[in-house]
Amino acid sequence: MAKITKVKVLTGYRLELAFDDGVCGVADLSDLVGTGVFALWRDRHVFEQARIGSFGELVWGNQIDLCPDSLYFRVTGKKPEDVFPTSGSVQGVLGNRYSYRDLFLTGAFSTPPPQGS
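Residues numbered from 1 in each chain as written. Predicted model: local features only at pLDDT ≥ 70, side-chain atom pairs only at ≥ 80, totals over all residues. Heavy atoms only, no water.

Judged from the five bridges that link them, strand β1 (residues 4–9) and strand β2 (residues 14–19) form a sheet pairing that is antiparallel. Along β2, the bridge assignment pairs K6 with A18. The turn linking β1 back onto β2 is made up of four residues, and G12 within it adopts a positive phi angle of 65°. (Pairing = 2+ DSSP bridges. Helix = DSSP H or I, 4+ residues; strand = E, 2+ residues; numbered from the N terminus.)

Now for the pattern of salt bridges. Taken as a whole and assessed by the stated rule, the structure comprises two salt bridges. Residue R74 is joined to D31 by a salt bridge in which the shortest nitrogen-to-oxygen separation is 3.0 Å. With R74 in helix α2 (residues 68–76) and D31 in the loop between β3 (24–28) and α1 (44–47), the pair connects residues that are 43 residues apart, well separated along the chain. Residue classification places R74 among the partly exposed residues on the basis of a relative accessible area of 26%. When the shortest N-O distance is used, the salt bridge between E48 and R44 registers 3.1 Å. Owing to a relative accessible area of 35%, E48 belongs among the partly exposed residues under this scheme. (Salt bridge = Lys/Arg side-chain N within 4 Å of Asp/Glu carboxyl O. Buried < 20%, exposed > 50% of the residue type's maximum accessible area, 1.4 Å probe, protein only.)

Before going further, it helps to examine the sheet that holds β1. Spatial ordering of the open sheet is given by β1-β2-β3, a layout of three strands whose pairing is antiparallel. Taken across any chain shown, the strands that pair with only one partner, and hence form the sheet edges, are β1 and β3. The average angle at which neighbouring strand axes cross in this sheet is 25°, direction not considered. Here β2 pairs with β3 via five bridges, running antiparallel. (Axes fitted to C-alpha atoms, helices over the stretch in contact; angles between N-to-C directions.)

Shape is all these values report; function is a separate question.
Listed below in structure tokens is the structure:
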């Protein structure tokens with residue numbers, strides 16, 4: 001999957017992102033503000049500290065990180081099944097198999113799994 005190569009904080013809780021496959025766009029994260037660990041973003045200064053981590057993810061200090069996949073889906077409007085195999089599972093980096101539902105529950109995907117996954 002693509003990695004983030006550039007990030008620019010915009011007004012509201014939006015980020016202008018560029019990925020290593022050439023895709024660029026804006027991700028609106030306002031729906032996350034105030035929920036769970038994202039309560040930290042109520043302080044706008046914290047949100048403005050977005051940086052690219054060593055794996056192409058976005059990080060806010062050592063408190064919050066967002067995988068580039070979920071941000072890529074927000075920017076492109078694509079769904080995981082548009083990018084990943086249609087078998088309903090994804091081969092993990094270490095050879096483990098993760099169900100689409102498991103990945104959704106961990107926050108890797110922002111779209112709920114299709115029925116039966």
